[in-house]
Amino acid sequence: MAQTDNKKFFENLTGAGKAIAVLTSGGDAQGMNAAVRAVVRMGIYVGAKVYFVHEGYQGMVDGGDNIKEATWESVSSMLQMGGTVIGSARCKDFRTHEGRLKAAHNLVQRGITNLCVIGGDGSLTGANLFREEWSGLLAELVQQGLIDEEAAQKYSALHIVGMVGSIDNDFCGTDMTIGTDSALHRIIEVVDAIMTTAQSHQRTFVLEVMGRHCGYLALVSALACGADWVLIPEMPPEDGWEEKMCQKLSATRSRGSRLNIIIVAEGAIDRHGKAITSSIVKDLVVQRLGFDTRVTILGHVQRGGTPSAFDRILASRMGVEAVLALLETTANTAACVVSLCGNQSVRLPLMECVQMTQEVQKAMDEKRFEEAVRLRGRSFENNLKTYKLLAHRKPESELPHSNFNVAVLNVGAPAAGMNAAVRSAVRVGISEGHKMFAVSDGFEGFRKGQVNIYFYIPILITVQQVLNSVAYMGDIQELQMCFTYERNCALECLLQLCEARSSYEEFCIPLCMLPATISNNVPGTNLKHTHSTCHSFLGMTQRYLVIKTDFIYQLYSEEGKGVFDCRKNVLGHMQQGGAPSPFDRNFGTKIAAKAMQWITKKLNESYRKGRVFANTEDSACLLGMRQRAMVFQPVVQLKDKTDFVHRIPKEQWWLKLRPLMKILAKYKISYDVSDSGQLEHVVLNRPKESEAMAAI
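Here's what I pulled together on the structure shown here. Since we're looking at a predicted model, the values are computed, not measured. (Residues numbered from 1 in each chain as written. Predicted model: local features only at pLDDT ≥ 70, side-chain atom pairs only at ≥ 80, totals over all residues. Heavy atoms only, no water.)

Considerations on the sheet that holds strand β4 (residues 49-53)
Two modes of strand pairing occur in sheets, parallel and antiparallel, and in both the strands are linked by backbone hydrogen bonds. An order of β5-β4-β3-β6-β7-β12-β13 is seen for the 7 strands of this open sheet, with the pairing classed as mixed. One side of each edge strand has no neighbouring strand; the edge strands of this open sheet are β5 (67-69) and β13 (344-349). Along the sheet, successive strands turn relative to each other by an average axial angle of 25°, direction set aside. Relative to strand β12 (residues 336-341), strand β7 (residues 159-164) runs parallel, the two being bridged by 3 bridges. Residue G162 lies in a different strand from β12, and its bridge partner there is V337. Packing of helix α4 (residues 121-143) onto the sheet brings it into contact with β6 (114-119), β7 and β12, and relative to β6 it is tilted by some 160°. (Pairing = 2+ DSSP bridges. Helix = DSSP H or I, 4+ residues; strand = E, 2+ residues; numbered from the N terminus. Axes fitted to C-alpha atoms, helices over the stretch in contact; angles between N-to-C directions. Contact = heavy atoms within 4.5 Å.)

Right under this line is the structure:
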């Protein structure tokens, strides 16, 4: 590795003389092809030989044409394809010693000692067993005369790296598995379509989604669509749930709603282990409420279709990291799995993750359901807590008493996911006992008084984009023109509010900004809602180019000398439109809930003698993701990190992805891998009650 200023680069890392095999096993998942493509191209880029293993472990056992050397071109045009191009199959033979002996022989014949497995926990467990038996298998092959001692010495160690491909997101150690986001897209598309017909006919719809042992898809889709009720295997409903559910559905209808949505995971059970099926739920609603009720079972449509932008990028990043991990392994390196933690790729011991995954099922079998939820990880736990917070309305008599008024503003250009954030903020604020106010038309509406303004209104600012207005707060005329500026971003607006605190005590209130922009250009955060929705791709083939700038169009048209048939396609504001993705709905919902809880805490801390007085750095913050955690960062600390002229952070984290893109497109370039190479361990977090919303 070349070292420069304590950074680690991979350009001197070579895979010459090494052979890598990649296979997909178990159920297919959208994004598997993107992972295969990344492994092949990264492996070839560093000089290694890369082999496809067709039909999963069955192809490894059968050998022959099932194990073929891959070329750069052999993975072209597969990034956008769903399923797995190299095939997958359940393999009984590999579960036997004789089958694994045949597989070892087939690999040794081709000099393959590096194996990249894309699959679920069963597939990865099988790979680890294969690795542990490897030396014994080679000894048997020598004894049988199938290989010689020299080959056994040369290929004495098998290195394993796994990537989790599973739409269920049921593998502990990673925030997201390959295919989960795409499956959520399929579910939400169906739910959005069903809601229109349900509303037209005043119907109740019961949707059954996949998740025999894991309720992630059901839970997140319920959170993303605002379902009235959700049933998952990790947290069965309390006894008497039938009556409570019917009361909830009836109350929703009595408030004017014309539809109800109930989402059921296929593995949903009650507290006694009895299955709760979609048909049972339908019959219950019809018998007790008489509502017109329909059942929709999504089935394998959730696994189909093209992968989402999130899954393509996730799989590509994981594939590159997997090759780096294989090149850095030694004979004593444990099998690892490449995982996602926050916005960062990490390597974890494979069997630690498998064992914790198995602990979840054990806890469920033993009816330790709270423990099962906790073992799923903080992301799953917080999804569940947020859903309960937003879906179940407390009676007025049970709400805490609060004298505070909280306003919500959307500032600047629209971005998908804003409505989810506003909905979450308002509902959490109401559950905290606050009076919630909506400010129309952002700061311009605030200036014009398009809100029932109270003297002290803590502000939750959602959205960062361009403003052409002045902002004021309160009913004092002198404040109307205290700020004049043009084309400033919400962060700059918030900074001006903070700077004005010395002159206007009315601004000494908690202020929180939730960054939301399709440009992903806000300092202080590595990720925003709308980031997933607006992902677009530049599709290029040899004969037909879709490009968006006049310069590039003219370059290819004139200098291509007829080789390329060029077209211009400017996506424009279409990127801001349409329905938000499941990721944006979920992320916006949770981040707004977290922000509202923060505001409540700050209000209580700064309430003095009948009024709020908050004039510290940490009372005006931006909530964003920094590497692996959600952090409230004082906006005054972001001032020096921001290029206000161009409205971008001075250090743009996404530029680190550019070398990766160029490598996969066969450009020679330096690639910083300083964040790679560290094998971490699975840590079971035991958050305190006060930290219930500490992670997303």
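Thoughts on the sheet that holds strand β10 (residues 260-265)
Spatially, 4 strands are ordered β9-β10-β8-β11 in an open sheet, and the strand pairing comes out parallel. What marks the edges here is a single partner per strand, and that holds for β9 (229-231) and β11 (293-297). In this sheet, neighbouring strand axes are inclined to one another by 15° on average, regardless of whether the strands run parallel or antiparallel. Pairing geometry for β9 and β10, over 3 bridges, is parallel. Along β10, the bridge assignment pairs V230 with I263. Contacts from helix α7 (residues 216-225) reach β8 (204-209), β9 and β10 within the one sheet, and its direction differs from that of β10 by about 165°.

With respect to α7
Residues spaced three or four apart along an α-helix point in a common direction, a consequence of the helix completing one turn every 3.6 residues. The buried fraction of α7 is high, at 10 of 10 residues. With its phi angle positive at about 70°, G226 sits one or two positions after the end of α7. (Buried < 20%, exposed > 50% of the residue type's maximum accessible area, 1.4 Å probe, protein only.)

Things to note about the nonpolar core
Among the nonpolar cores identified, the biggest contains 137 residues, and M163, I261, I263 and L460 are the most heavily contacted of them. Here the element with the most residues in this core is helix α10 (residues 309-328); it accounts for 11 residues. Residues within four places of L460 in sequence aside, it is in contact with A407, V408, L409, A425, C512, L514, A595, M596 and I599. Within the second largest apolar cluster, 41 residues are counted, among which are A19, A103, L115 and F171. (Core = buried A, V, L, I, M, F, W, Y, C linked by side-chain atoms within 4.5 Å.)

Some thoughts on the packing of aromatic side chains
Throughout the structure, instances matching the rule amount to 8 aromatic pairs. Pairing F94 with F130 gives two aromatic rings, centres 5.3 Å apart and planes at 70°, and the pair type is edge-to-face. Of this pair, F94 sits in the loop between β5 and α3 (97-109) while F130 sits in helix α4, placing them 36 residues apart in sequence. Like F130, F94 is buried. Cluster of aromatic residues (ring-pair linked, three or more members): Y57, F94, F130 and W134. Its guanidinium or amino end placed over the ring of F291, R253 lies 4.3 Å from that ring's centre, counting from NZ or CZ. The residue whose ring lies beneath K662 is Y667, and the NZ or CZ to ring-centre distance is 4.6 Å. (Phe/Tyr/Trp six-rings, centres within 6.5 Å; stacked < 30°, edge-to-face > 60°. Lys NZ or Arg CZ within 6 Å of the ring centre and 35° of its normal.)

Structural notes on the packing of helix α8 (residues 241-254) against helix α9 (residues 278-289)
The interhelical angle for the contact between α8 and α9, taken along N-to-C directions, is 65°, at an axis separation of 10 Å. It follows that α8 is roughly perpendicular to α9 by the angle criterion. In the crossing of α8 with α9, the sense of the turn from one axis to the other is right-handed. For the pair α8 and α9, contact is made by W241, E242, E243, M245, C246, L249 and S250 and by V281, L284, V285, R288 and L289, respectively. Class assignment of the residues belonging to the contact of α8 with α9 gives a composition of 8 nonpolar, 1 polar and 3 charged. (Parallel < 35°, antiparallel > 145°, perpendicular 65-115°, else oblique. Left-handed = near helix turned anticlockwise from the far one by under 90°. Nonpolar A, V, L, I, M, F, W, Y, C, P; charged D, E, K, R; others polar.)

Considerations on unusual backbone geometry
Its identity is not glycine, yet N169 carries a phi of approximately 55°, on the positive side. Along the chain, the position of N169 falls in the loop between β7 and α6 (180-201). Looking at N169, the relative accessible area reads 8%, which means it is buried. Of note, the phi angle at Q202 is positive, near 55°, even though the residue is not glycine.

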